Amino acid sequence: MSAIDIETKRKLREMGATALLEAIEAQDDTLVMGLCFEERIGLVVDEAHSVFNHAKVEGLIRRAGLRYPTADLRRLDLVEERGLNRGVIAQLATCSFIERRHNVVFQGFTGSGKSYLGCALAKQACQHRIRAHYIRMPDLAEAWALARDKPQGQTKFLNKYASFTLLVIDEWLLDHPDENMRSVLLELLERRYDTTSTVFCTQYAKKDWHSRLGSGVHADAIMDRIVHNTIWVDTGNHNMREHAAMNQ
């Protein structure tokens, strides 16, 4: 492919086709000698598309706000010792649960790797070009406190957190939500119910959720929107922070 003139380069950049331009300029004539025009164009487009996808995925991961951005479902330690089911983890990695609009709960002792698993699952979703977001429950409550008194604050808050195809809520029920927070949680989970997927990372077993949610009608309604169509994963009682520290 002959060299591209300055004006053509300018037009490609103006159209946002920088990745295509760079792929054309990077093509080594000695390696593609003898290929027809269509074959060379195909190679250029494949390279540009690969770069585009990589940039798209990296952008999704960056905006997901992951606590552990390097988390990876393929690199889990002590899987058998923790009682994790490799088949379940492998199935989650396909992100098919998101297509089915199911939820996931990672429940286990403090330090058992719940946050890491939540981040790894969100990152896996990003790699499937699915819009994901990670937030701690205390930070979600703080975001609500800052939003609720502003004009259209509740609407904007709900629209934001209802829009993520996968939302990871870490430290779920670490604190007892007050009545106002329970109301907005109910509205948020109602909007997400059967349309998106939510991951809950918590140290509390399901039997304790109702009381931590205030034991009233809000607790009933919130539980009803979570417990159905949910994959429950017990992360065990191994202290993974201690394990990581010992292996540094």
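None of the values given here were measured: they were computed from a predicted structure.

J.: Let's hear about the nonpolar core: which residues, and what values?
T.: Counting residues in each nonpolar core, the largest one holds 33 residues, and the members touching the most others are Phe106, Leu121, Leu166 and Val199. Of all the secondary structure elements, the ones that give two or more residues to this core are α4 (37-63), α5 (86-93), α6 (96-99), β1 (103-108), α7 (114-127), β2 (132-136), β3 (166-170) and β4 (197-202). Those residues in contact with valine 199, other than ones at most four positions away along the chain, are Val104, Phe106, Leu121, Leu166, Leu167, Val168 and Ile169. Grouped together as the second largest cluster of nonpolar side chains are 30 residues, Val105, Leu158, Tyr161 and Leu167 included.

J.: Please set out the sheet that holds β3 residue by residue, giving values where relevant.
T.: One open sheet accounts for five strands, arranged β2-β3-β4-β1-β5; its pairing is parallel. Looking at strand neighbours, the two that pair on one side only are β2 and β5 (230-236), the edges of this open sheet. When the angles between neighbouring strand axes are averaged without regard to direction, this sheet yields 15°. Examined bridge by bridge, β3 and β4 share four bridges and lie parallel to one another. Across the sheet, valine 168 pairs through a bridge with valine 199, a residue of β4. Running over the sheet, α5 touches β1 and β5 and is turned about 130° from β5.

Cut-offs and rules
- Residues numbered from 1 in each chain as written.
- Predicted model: local features only at pLDDT ≥ 70, side-chain atom pairs only at ≥ 80, totals over all residues.
- Heavy atoms only, no water.
- Core = buried A, V, L, I, M, F, W, Y, C linked by side-chain atoms within 4.5 Å.
- Buried < 20%, exposed > 50% of the residue type's maximum accessible area, 1.4 Å probe, protein only.
- Helix = DSSP H or I, 4+ residues; strand = E, 2+ residues; numbered from the N terminus.
- Contact = heavy atoms within 4.5 Å.
- Pairing = 2+ DSSP bridges.
- Axes fitted to C-alpha atoms, helices over the stretch in contact; angles between N-to-C directions.

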